[in-house]
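Letter by letter, the chains look like this.
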Amino acid sequence: MTAFASGLDGPRLLADSIAGKFPDSHGRFGPFGGRYVPETLIPALERLEHGVREHLHARDFQAAFTRELKTWVGRPTALTFAGRLSERWGAKVYLKREDLAHTGAHKINNAIGQALLAKRIGAKRIVAETGAGQHGVASAAACARLGLPCTVYMGAVDMERQAPNVGRMRLLGAEVVPVTTGDRTLRAAIDESLRAWVSDPLDTYYLIGSAVGPHPYPYLVRELQAVIGREARAQMIEATGALPDAVMACVGGGSNSIGAFHAFVPDAAVEIIGIEAGGRGAGLGDNSATLSFGRPGVLHGSFSMLLQDEDGQIQETHSVSAGLDYPGVGPEHSLLHAAGRVEYQAVTDAEALDALKACSESEGILPAIESSHALFGASRWAAANKGRTILVCLSGRGDKDMPTLQSTLLAAEGK
Ligand SMILES: *Cc1c(COP(=O)(O)O)cnc(C)c1O
């Protein structure tokens, strides 16, 4: 733990978090979060904050959101007992099947929720950023569903790497704009989306893809994704008569994980573990394990843990999974880390691919490489907790990863 985090009063932060005191009136989760943006963005964020307060928990908004989740996204997603993985690993493994959600991952929960909100607050068009293209596809689908024009900013490097998703977004009616500035990947695409929003803050809505960014986004995205943990908690009780001993999810920006964890944070007996991308190892630039190796700083409008060098320059990151390859993490995770409520561990590229293979062969489920990080974390936990019960958030399906799997796992086996 960094000197910064060890100087904080963990038990007090946790108590305040459980009491619902975060985000506070400054948009902070303890010391993390807030709003570090150019002055020109403040009115747009205040308008959004006002819209969130007025609509998000209003009965008619919740009814519309729940209806879309049920009839279009396909919720509730299944809870699957992974019998053969359980035998193999020695603990009882349950999978929360976000891979079965429309467009193949949890991202759609957030996309349709924010698109509904955008309409309520009178936005005429949506801008979104995307890295691997998954959030771009979810946003394009949600916008098509609601009849909103959608522009997706995507790094030129990513457009090349993720060509099928570019085509998918275009078929769904979105305009995909290549970003040729900065690192020409996700980080630059977020900068570009924020710029597009600043230039037309009244008619444009910025649909962010994870529990990151300036207040109120981390809170908004968490509230929209919390359906994962709420459903899973009830499904676990129905299936086993009890809460799981541990809950695990992979952490990129942190949306599927905060969504899975939120309902369990007050359950002191439930261990909560976030799995970050350990990449090739602990070296500088070899991973995207922000909470394992980072220090506090500001990125994309929020104060949170961050992979940066001694001079505060953001580090290059690496992960075999594009969805986890981000140098920051949502501020609420930094809080749960500092408060000692959630443990964050790293899983390497190779370990994740091993778990992907195990899950595919044992359960007939091809998980996303992102989700496979959580699966490996579960196998490690199982080795030390024989006979106990673990819930894993299977954030998405692996079909999108076939080009990577072809050149890694299958190539290694000569297939
Ligand atoms: C995008 C993505 C992630 C990582 O994003 P979070 O905001 O951390 O959830 C994880 N799994 C899948 C399948 C994804 O598409």
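## What to know about the overall build of the chain
Thinking step 1. A count of helices and strands for the chain gives 18 helices and 14 strands.
Thinking step 2. For a compact globule of 415 residues, the expected C-alpha radius of gyration is about 22 Å, and the chain comes in at 20 Å, within 12% of that figure.
Thinking step 3. With the C-alpha coordinates aligned to their principal axes, the bounding extent of the chain is approximately 55 × 50 × 50 Å.
Thinking step 4. Within the chain, the proportion of its 415 residues that are buried is 61%.
Thinking step 5. In the chain, 73% of the contacts between residues at least 6 apart in sequence involve partners at least 24 apart.

## As for the environment of Leu336
Thinking step 1. Looking at where Leu336 falls in the secondary structure, it is placed in helix α15 (residues 331-338).
Thinking step 2. Between the alpha carbons of Leu336 and Leu13 there is a distance of 8.4 Å; along the sequence they are 323 residues apart.
Thinking step 3. Contacts of Leu336, omitting those with residues within four sequence positions, involve Ser17, Ile258, Val265, Arg341, Val342 and Tyr344.

## Quick word on the site of the ligand
Thinking step 1. Around the ligand, the surrounding shell holds 17 residues, and the nearest of these are Lys107, Ser210, Gly254, Ser255 and Ser395.
Thinking step 2. Within the side chain of His106, one N or O atom sits 2.9 Å away from an oxygen atom of the ligand.
Thinking step 3. Within the side chain of Ser210, one N or O atom sits 2.6 Å away from an oxygen atom of the ligand.
Thinking step 4. Protein chains shield 96% of the accessible area of the ligand, which is 380 Å² for the free molecule.
Thinking step 5. Its atoms largely coinciding with the cavity grid, the ligand occupies the largest cavity.
Thinking step 6. Counted by class, the shell around the ligand contains four nonpolar, 11 polar and two charged residues.

## What to know about the sheet that holds strand β10 (residues 271-279)
What holds strands together in a sheet is hydrogen bonding between their backbones, with the strands either parallel or antiparallel.
Thinking step 1. On the basis of which strands lie adjacent, the open sheet formed by six strands has the order β3-β4-β14-β9-β10-β13 and mixed pairing. In the strand order of this sheet, the two ends are held by β3 (79-81) and β13 (342-348), each with one partner. Each strand of the sheet is rotated relative to its neighbour by a mean of 25 degrees, with strand direction disregarded.
Thinking step 2. Bridge count between strand β4 (residues 92-97) and strand β14 (residues 389-394): six bridges; the pairing is parallel. Residue Lys96 lies in a different strand from β14, and its bridge partner there is Cys393.
Thinking step 3. Sheet strands in contact with helix α12 (residues 227-240) are β3, β4 and β14, and its direction is about 140 degrees off that of β4.
Thinking step 4. In the packing of helix α17 (residues 369-384) onto the sheet, the strands contacted are β4, β9 (246-250), β10, β13 and β14, and the crossing angle to β9 comes to about 150 degrees.

## Topic: the domain arrangement of the chain
Thinking step 1. Domain assignment breaks the chain into domain 1 (35-68 + 107-222) and domain 2 (74-105 + 225-412).
Thinking step 2. A C-alpha centroid distance of 23 Å is found between domain 1 and domain 2.
Thinking step 3. With 26 residues of domain 1 at the contact, the number on the domain 2 side is 31 residues.
Thinking step 4. For the pair domain 1 and domain 2, the two sides together bury roughly 2,300 Å², of which 59% comes from carbon and sulfur.
Thinking step 5. Three residues, Asn109, Arg187 and Arg222, lead the burial of domain 1 against domain 2; their summed loss comes to 30% of the area buried on that side.
Thinking step 6. Note that Arg222 and Glu332 form a salt bridge whose closest N and O atoms lie 3.1 Å from each other.
Thinking step 7. Taken together, domain 1 and domain 2 are joined by 13 residue pairs in polar contact (both at pLDDT 80 or more).
Thinking step 8. Counting residues per element, the ones that place at least two in the side of domain 1 that touches domain 2 are α6 (107-120), α7 (134-146), α10 (186-199) and α11 (217-225).
Thinking step 9. Considered class by class, the residues forming the side of domain 1 that touches domain 2 number 14 nonpolar, seven polar and five charged.

## Remarks on the packing of helix α4 (residues 59-73) against α6
Thinking step 1. At a minimum axis separation of 10 Å, α4 and α6 run at an interaxial angle of 140 degrees. Judged by the inter-axis angle, α4 sits oblique to α6. Relative to α6, α4 is oriented so that their crossing is right-handed. For the pair formed by α4 and α6, the contact residues are Asp60, Phe61, Ala64, Phe65, Glu68, Leu69, Trp72 and Val73 on the first element and Ile108, Asn109, Ile112, Gly113, Leu116, Leu117 and Arg120 on the second.
Thinking step 2. Taken together, the residues of the contact of α4 with α6 sort by class into 10 nonpolar, two polar and three charged.

## Some remarks on the side chain of Gln225
Thinking step 1. Residue position: Gln225 is located in helix α11.
Thinking step 2. Those residues within four positions of Gln225 in sequence are excluded, and the remaining contacts are His106, Lys107, Asn109, Asn110, Ser255 and Gly259.

## Remarks on the nonpolar core
Thinking step 1. Of all hydrophobic cores here, the largest spans 97 residues; its most connected members are Tyr205 and Tyr217.
Thinking step 2. Of the residues that make up this core, three or more belong to each of domain 1 (35-68 + 107-222) and domain 2 (74-105 + 225-412).
Thinking step 3. Residues contacting Tyr217, with those up to four places away along its chain left out, are Leu45, Leu48, Gln114, Trp197, Tyr205, Tyr206, Ile208 and Val212.

## With respect to the packing of helix α16 (residues 349-363) against helix α18 (residues 402-412)
Thinking step 1. Between α16 and α18, whose axes approach to 11 Å, the crossing angle comes to 90 degrees. As far as their axial angle goes, α18 and α16 are roughly perpendicular. Of the residues in α18, those in contact with Leu353, Leu356 and Lys357 of α16 are Leu405, Thr408 and Leu409.
Thinking step 2. Classifying every residue of the contact of α16 with α18 by side-chain character gives four nonpolar, one polar and one charged.

Rules used in this analysis
- Residues numbered from 1 in each chain as written.
- Predicted model: local features only at pLDDT ≥ 70, side-chain atom pairs only at ≥ 80, totals over all residues.
- Heavy atoms only, no water.
- Helix = DSSP H or I, 4+ residues; strand = E, 2+ residues; numbered from the N terminus.
- Rg over C-alpha atoms; globule rule 2.2 N^0.38 Å.
- Buried < 20%, exposed > 50% of the residue type's maximum accessible area, 1.4 Å probe, protein only.
- Contact = heavy atoms within 4.5 Å.
- Near = heavy atom within 4 Å.
- Polar contact = N/O pair within 3.5 Å; in protein donor to acceptor, adjacent residues only side chain to side chain.
- Areas by Shrake-Rupley, 256 points an atom, 1.4 Å probe, with all protein chains shown as cover.
- 1 Å grid on protein atoms, 1.4 Å probe; cavity = no way out; pocket = protein on both sides within 12 Å on 5 of 7 lines; lining within 4 Å.
- Sits in = over half its atoms within 2 Å of the grid points.
- Nonpolar A, V, L, I, M, F, W, Y, C, P; charged D, E, K, R; others polar.
- Pairing = 2+ DSSP bridges.
- Axes fitted to C-alpha atoms, helices over the stretch in contact; angles between N-to-C directions.
- Domains from an automatic or database assignment.
- Buried area = accessible area lost by both parts, 1.4 Å probe.
- Salt bridge = Lys/Arg side-chain N within 4 Å of Asp/Glu carboxyl O.
- Parallel < 35°, antiparallel > 145°, perpendicular 65-115°, else oblique.
- Left-handed = near helix turned anticlockwise from the far one by under 90°.
- Core = buried A, V, L, I, M, F, W, Y, C linked by side-chain atoms within 4.5 Å.

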